[in-house]
Amino acid sequence: MSPRAVQRWSEQRRMGRGAWVRKYGVMRWGFWTGILWSIAMAVWAVGTNRIALAATPFILIVGVPGFMATGIVFGTVTWFASEWSYTRATRA
C-alpha cells in the first residue's frame, strides 16, 4: 500500500465498517452494477429477439436489489482486504 493509499484509507476507515459497506458495497457497487446489468440484459434480449423490451422493468426489479444484496458481501470483502493491507503497511 502506497503512503497516499495509507493516508486515504486512514481517513475512509473512520466512517466504520457498516457505513463503508453501505456506501461502497451496496450503493456504489451494487446499485450501479445492477443498473448496468439490467441494461445489458435488456439490450441482449432485444438483440436476440428473446423477450420484448417490456420485460425491462422486471429485470430492473430483480437485478438491482439482487446486486445491492451482493454488494454487502463485496463491501465487506473490500473492507477487510483494505484493513489487512493497511495493517501490514503501518506495521512496517
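These numbers come from a predicted model, not from an experiment.

Trainee: Please clarify how the overall build of the protein chain should be interpreted in this entry.
Mentor: Per the secondary structure count, the protein chain includes 3 helices and 0 strands. Taken from N to C terminus, the helices and strands of the protein chain fall in the order α-α-α. Burial analysis of the protein chain (92 residues in total) assigns 26% to the buried set. Looking at the protein chain alone, contacts between residues at least 24 apart form 75% of all its contacts between residues at least 6 apart. Here the protein chain displays about 6300 Å² of accessible surface, and carbon together with sulfur accounts for 67% of that area.

Trainee: Please explain the confidence of the model for the protein chain as it appears in this structure.
Mentor: Reading predicted coordinates in detail is not appropriate for stretches of low pLDDT. Considering every residue of the protein chain, the mean pLDDT works out to 88; 89% of them sit at 70 or more. Between the elements of the protein chain, mean pLDDT differs from a low of 89, seen in helix α2 (residues 17-47), to a high of 92, seen in helix α1 (residues 3-12).

Trainee: Explain α1 here, please?
Mentor: Restricting attention to buried positions, one finds in α1 the residues A5, V6, W9 and S10. Each buried residue of α1 lies within a common arc of 135° when the element is viewed along its axis, so the set occupies one face. For α1, the exposed residues lying more than 90 degrees away from the buried face are P3 and R4.

Trainee: In this structure, what is going on with the pattern of salt bridges? I would like to understand it.
Mentor: Where charged atoms from two side chains of opposite charge approach closely, those side chains can pair. Under the definition given, this model contains 1 salt bridge. One salt bridge connects R13 with E83, and the closest N-O pair in it is separated by 2.8 Å. A residue pair is termed long-range when its members are at least 10 positions apart, and R13 in the loop between α1 and α2 and E83 in helix α3 (residues 56-91) qualify at 70 residues. Using a relative accessible area of 31% as the deciding quantity, one classes R13 as partly exposed. Take E83: its relative accessible area is 15%, and that puts it in the buried class.

Trainee: For this particular structure, what's the right way to read the packing of α1 against α3?
Mentor: A pair of packed helices is captured by two measures, namely the crossing angle of their axes and the spacing between those axes. At a minimum axis separation of 10 Å, α1 and α3 run at an interaxial angle of 125°. Compared by their axis directions, α1 and α3 come out oblique. Judged by the twist between their axes, the crossing of α1 over α3 is left-handed. Side by side, α1 and α3 meet where V6, W9 and S10 of the first sit next to W79, S82, E83, Y86, A89 and T90 of the second. The class makeup of the residues in the contact of α1 with α3 is 5 nonpolar, 3 polar and 1 charged.

Rules behind the numbers
Residues numbered from 1 in each chain as written. Predicted model: local features only at pLDDT ≥ 70, side-chain atom pairs only at ≥ 80, totals over all residues. Heavy atoms only, no water. Helix = DSSP H or I, 4+ residues; strand = E, 2+ residues; numbered from the N terminus. Buried < 20%, exposed > 50% of the residue type's maximum accessible area, 1.4 Å probe, protein only. Contact = heavy atoms within 4.5 Å. Areas by Shrake-Rupley, 256 points an atom, 1.4 Å probe, with all protein chains shown as cover. pLDDT = per-residue confidence, 0-100. Arc of directions from axis to C-beta. Salt bridge = Lys/Arg side-chain N within 4 Å of Asp/Glu carboxyl O. Axes fitted to C-alpha atoms, helices over the stretch in contact; angles between N-to-C directions. Parallel < 35°, antiparallel > 145°, perpendicular 65-115°, else oblique. Left-handed = near helix turned anticlockwise from the far one by under 90°. Nonpolar A, V, L, I, M, F, W, Y, C, P; charged D, E, K, R; others polar.

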